[in-house]
Amino acid sequence: MFNSYGSGYSQSGSWQAQKDATSAQASAREAKTETELLRHDLDRVLMITEALWTLLKKEHGYADEVLANTVREIDLRDGRLDGRAQPPKAQPCPKCGRMNSAKLPRCLYCGEELEVKLFGDQPLPPDAAPETGPAS
Ligand SMILES: [Zn+2]
């Protein structure tokens with residue numbers, strides 16, 4: 001165990017400090033691992049997104065400008081051009097009326113099926129729908 005010869009701390013105070021430091025190191029390692037996993041997931045999502053966009057351009061003739069404009073429209077849904085999408089809001093249950101997270105498929109209180117909102121509160125604008133894109 002950690003030795004505290006010559007220090008101004010008592011034996012038990014030093015032991016507690018060492019225990020706290022070890023615990024903090026473990027928490028830091030865990031946070032670093034979690035961050036690395038998230039970064040890996042994000043890299044993969046970005047790669048898949050790029051692959052999908054590349055397919056849309058190649059197979060359906062979309063221009064990069066169309067994607068940029070659609071991203072801008074989605075960004076502006078909350079009235080702010082801040083590079084962030086509007087987070088889905090809580091929704092009332094159609095059966096019991098209690099509020100539920102938009103991420104839940106069923107009411108937390110009564111189990112009623114809730115409306116699924118994949119990308120926030122608003123549907124995609126009509127001009128972002130594939131059938132209005134350039135024909136291939
Ligand atoms: Zn309910």
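Residues numbered from 1 in each chain as written. Predicted model: local features only at pLDDT ≥ 70, side-chain atom pairs only at ≥ 80, totals over all residues.

## Section: the overall build of the protein
Going by this rule: Labels follow the DSSP assignment, with helices taken as runs of H or I lasting at least four residues and strands as runs of E lasting at least two, numbered in each case from the N terminus. Working definition of burial: number of other C-beta atoms within 10 Å of the residue's own, with buried at 20 or more, exposed at 12 or fewer, and partly exposed in between, all C-beta atoms being placed from the backbone. Any pair of residues counts as being in contact when their C-beta atoms, constructed from backbone geometry, are within 7 Å of one another.
Along its length, the protein carries two helices and two strands. For the protein, the N- to C-terminal ordering of α and β elements is α-α-β-β. The 136 residues of the protein split such that 1% are buried. Sequence-distant contacts in the protein: of pairs separated by 6 or more residues, those separated by 24 or more amount to 27%.

## What about the confidence of the model for the protein?
The criterion, for reference: pLDDT measures how confident the predictor is about each residue, on a scale from 0 to 100.
Confidence in the prediction of the protein, expressed as mean pLDDT, is 84, and 80% of residues score 70 or more. Of all helices and strands in the protein, the one with the weakest mean pLDDT is strand β1 (residues 91-92) (90), whereas helix α1 (residues 11-60) scores best (95). Within the model, pLDDT remains below 50 along residues 128-136, and this stretch shows 12 contacts once partners closer than five positions in the same chain are excluded.

## Focus on the environment of Arg-106
Mapped onto the secondary structure, Arg-106 falls in the segment after β2 (99-100). Along the sequence, Arg-106 and Cys-93 sit 13 residues apart, while their C-alpha atoms lie 8.6 Å from each other. With near-sequence residues (within four places) excluded, Arg-106 lies in contact with Gly-111, Glu-112, Glu-113 and Leu-114.

## Examining α1
Helical periodicity: at 3.6 residues per turn, an α-helix aligns residues three or four positions apart in one direction. In plain terms, the rule: Any helix carries an expected span of 1.5 Å times its number of residues minus one.
For α1, built from 50 residues, the straight-helix expectation of 74 Å at 1.5 Å per residue is met to within 8% by its first-to-last C-alpha distance of 72 Å. Here α1 lies mainly on the outside; zero of its 50 residues are buried. Backbone geometry just downstream of α1 places Gly-61 in the positive-phi region, at approximately 75°.

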